[in-house]
Each structure stands twice: as C-alpha cells, then as structure tokens.
Amino acid sequence: MRLDVRVSFSYNGEEILKDVSFGAHKGELLAIIGPNGAGKSTLLKCIAGILKPEGRITLDGLDLLSMKPSERAKLVSYVPQTSFPEFSFTIEEFVEMGAYFTQGSVEVALKRVGLWERRNESVFALSGGEYQLVLIARALAQGGRVLLLDEPTSHLDVNNALEIMELLRELKDEKVVIAVLHDLNLALRYADRLLVLRKGSKVWEGKASELDPKVLEEVYGVRVEFVEGKLGRAIVASP
Ligand SMILES: Nc1ncnc2c1ncn2[C@@H]1O[C@H](COP(=O)(O)OP(=O)(O)OP(=O)(O)O)[C@@H](O)[C@H]1O
C-alpha cells in the first residue's frame, strides 16, 4: 500500500504549496513537521480531498484527485485538529457521524481506542485526550487505507500524547499513516520517516534516524542539539 503525492496549491493566487512531493507507505509512520504557516495542514487537506490541488496523488496507482469524493472518502480518512463538539452526542453517535461505517466497524473502532464500554456517555464528558481518541475512532470506523491526522497530540499531556502515538505505531502496520506533528520529540521518537516543510516547500525528507540537527536549525531558525538518553533521543533547542 503506497501513497504518492506531488502537489501545488494556491489560496487567492498565493502559492501555499510549491510542488511538494513525497511517498508514504504501510509499515512506516510519516510525520510532517515544519514551522507555523509552512503548509502542513494545507497539504493534509489536499490529500484528504478537502482542498483541490494541482498535481497528482495516487494510492497504489489509483488516481485520487480524479475520484468522486464519495469514493475517495472510502479510501482516505482524516482526523482534523481537535475542536470540541458543539452538540451532546453520545460517543457512539459521534463515531457514527463519519461518512461510511457499519455497526460492526464502529464497535471495532471504539474497542480499539478503549472507549466501547463508555459508548453511551456524552462526548461533553470527555477529556481532551479521550476526545482525540474518539476522533481517531471515527476515522478508523471508515475503514480507509490512508489515515491522516492533523496535530493529534496537541493539547495533550505527555501520557495521553504517548498513548496516541503508540496507537499510531500499531496502525501503521494496517494503513498508510501520516501525521502533522508540532512536537519534534514525538516526531523523532515515533516517526519512521519525516517530511520537513518550510514556506510551502519541501526542505528535507528521509528516515527520522538520519535527520541532521542542521535541518531543524535552518527551518526553525534556532540552535538545535540532539541529546541521547536511556529512553532515546531528545531535541534541545535554544534561540
Ligand atoms: N483559508 C485560507 N485562506 C487563505 N490562506 C490560508 C487559508 N488557510 C491557510 N492559509 C495560509 O496558508 C499558509 C499555510 O497554512 P497551514 O495552516 O497549512 O500551515 P501549517 O504549517 O499547518 O501551520 P500551523 O503549524 O500554524 O498550523 C499560511 O500562510 C496560511 O495563512
């Protein structure tokens, strides 16, 4: 299972994505990183079919850009940046609000994120981390082959953030998983591959283990050091 992307995108004549190309496949977690305004969310929305870019996006050779939205939604699911629900649905109802699901797929998805027993509770009763899990369950219930997540760990404490990342680590063996991440330490620890964007252009793409701190220094405009500890590598940044 392989996704190939080469896109450009403009808002009102301003080029936001400039011929950004990369590949992603099952078995690897790809993280998109880069400073605010780099175009990360725009890129994810182009793949999700929310925005219409120029270029080409194929999944195992299938042209996603020329596909009907209903067909594409069966293949690609998208978890937007967290926003809190406005209506008091139960957890189960909320997951059923995705475009495609079967009764069985909702149950499997909620069990996967550990919230099936709580399915009749209101989504208003959820913490930020639990709500993020519900958003992921809604995407999983669609059963697509590509899972896109926009900052799935923002606003979460370290424990919940690690829980989400562990879940993505499991899911990468079933789907193409691509996440926009602001937390560089999580990206470095969990992503197999990184796509680094700045000002709408690809600056670097490669194995997370091969990332040179100089790339981050150039992109973020800060000094960066990698520190090795017993639990892994950490990034220290300084102005
Ligand atoms: N609806 C819109 N209309 C016009 N410009 C937009 C729109 N949405 C985003 N942009 C612009 O596109 C550029 C990229 O935005 P995008 O949200 O993709 O960046 P990002 O890398 O996800 O940023 P962040 O890390 O802050 O979420 C920004 O300059 C932004 O102002």
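What counts and what doesn't
- Residues numbered from 1 in each chain as written.
- Predicted model: local features only at pLDDT ≥ 70, side-chain atom pairs only at ≥ 80, totals over all residues.
- Helix = DSSP H or I, 4+ residues; strand = E, 2+ residues; numbered from the N terminus.
- Buried ≥ 20, exposed ≤ 12 C-beta atoms within 10 Å, placed from the backbone.
- Contact = placed C-beta atoms within 7 Å.
- Pairing = 2+ DSSP bridges.
- Axes fitted to C-alpha atoms, helices over the stretch in contact; angles between N-to-C directions.
- Domains from an automatic or database assignment.
- Nonpolar A, V, L, I, M, F, W, Y, C, P; charged D, E, K, R; others polar.
- Core = buried A, V, L, I, M, F, W, Y, C linked by C-beta atoms within 7 Å.

A.B. asks: Please explain the overall build of the protein as it appears in this structure.
C.D. replies: What the protein contains, in helices and strands, is 8 helices and 12 strands. In terms of principal-axis extent, the alpha carbons of the protein reach across some 50 × 45 × 30 Å. The buried share among the 239 residues of the protein stands at 37%. Long-range contacts, defined here as pairs at least 24 residues apart, represent 65% of the contacts in the protein between residues at least 6 apart.

A.B. asks: So what exactly am I meant to see when it comes to the sheet that holds strand E4 (residues 54–59) here?
C.D. replies: Hydrogen bonds between backbone atoms are what pair the strands of a sheet, whose relative direction is either parallel or antiparallel. Spatial strand order, E2-E1-E4-E5: 4 strands in an open sheet with antiparallel pairing. Taken across any chain shown, the strands that pair with only one partner, and hence form the sheet edges, are strand E2 (14–25) and strand E5 (62–63). Two strands pair when backbone bridges link them, and E4 and E5 are joined in this way by 2 bridges, in the antiparallel orientation. Each residue of the ladder has a partner; that of Leu 59, found in E5, is Leu 62. Its contacts with the sheet place helix H1 (residues 40–48) against strand E1 (2–11), E2 and E4, and it is angled at close to 65 degrees to E2.

A.B. asks: Help me understand the domain arrangement of the protein in this model?
C.D. replies: One frequent convention defines the size of an interface as the accessible area lost when the parts assemble. Taken domain by domain, the protein comprises domain 1 (2–75 + 145–212) and domain 2 (76–144). Its C-alpha centre places domain 1 at a distance of 21 Å from the equivalent point of domain 2. Those elements that place two or more of their residues in the side of domain 1 that touches domain 2 are H1, helix H2 (69–75), strand E7 (146–150) and helix H6 (158–171). Its residues assigned to classes, the side of domain 1 that touches domain 2 shows 13 nonpolar, 4 polar and 6 charged.

A.B. asks: What exactly am I supposed to notice about unusual backbone geometry here?
C.D. replies: Trans peptide bonds make up the majority, and among non-glycine residues the majority have a negative phi. Even without glycine at this site, Glu 151 takes up a positive phi of about 50 degrees. Tracing the backbone shows Glu 151 in the loop between E7 and H6. By C-beta crowding, Glu 151 is classed as buried, having 20 other C-beta atoms within 10 Å.

A.B. asks: Quick question: what am I supposed to make of the nonpolar core here?
C.D. replies: Considering soluble globular proteins, one finds that nonpolar side chains tend to be buried as a cluster. The biggest cluster of nonpolar side chains holds 67 residues, and the ones touching the most others in it are Ala 31, Ala 137 and Leu 148. No other element matches helix H5 (residues 128–141), which puts 9 residues into this core. Both domains that furnish three or more residues to this core are identified here as domain 1 (2–75 + 145–212) and domain 2 (76–144).

A.B. asks: I keep staring at the environment of Lys 26 and nothing clicks. Help me out?
C.D. replies: Its location among the elements puts Lys 26 in the loop between E2 and strand E3 (29–33). Sequence-wise, Lys 26 and Ile 235 are 209 residues apart; in three dimensions their C-alpha atoms are separated by 27 Å. Other than its neighbours up to four places away in sequence, Lys 26 contacts Met 1, Lys 172, Asp 173, Lys 175 and Val 176.

A.B. asks: Sorry if this is basic, but what is going on with the sheet that holds strand E8 (residues 176–180) here?
C.D. replies: Judged by pairing direction, the sheet is mixed, and its 6 strands sit side by side in the order E6-E7-E8-E3-E9-E10 without closing on themselves. For this open sheet the edge positions go to strand E6 (76–79) and strand E10 (201–207), each flanked by a neighbour on one side alone. Strand-to-strand twist across the sheet, computed as the mean angle between neighbouring axes with direction ignored, equals 15 degrees. Note: E3 against strand E9 (residues 193–198), 4 bridges, orientation parallel. Bridge pairing in E9 links Leu 30 to Arg 193. Here H5 sits on the sheet in contact with E6 and E7, set at roughly 170 degrees to E6. Helix-sheet contacts for H6 involve E3, E7 and E8, and the interaxial angle to E8 is about 150 degrees.

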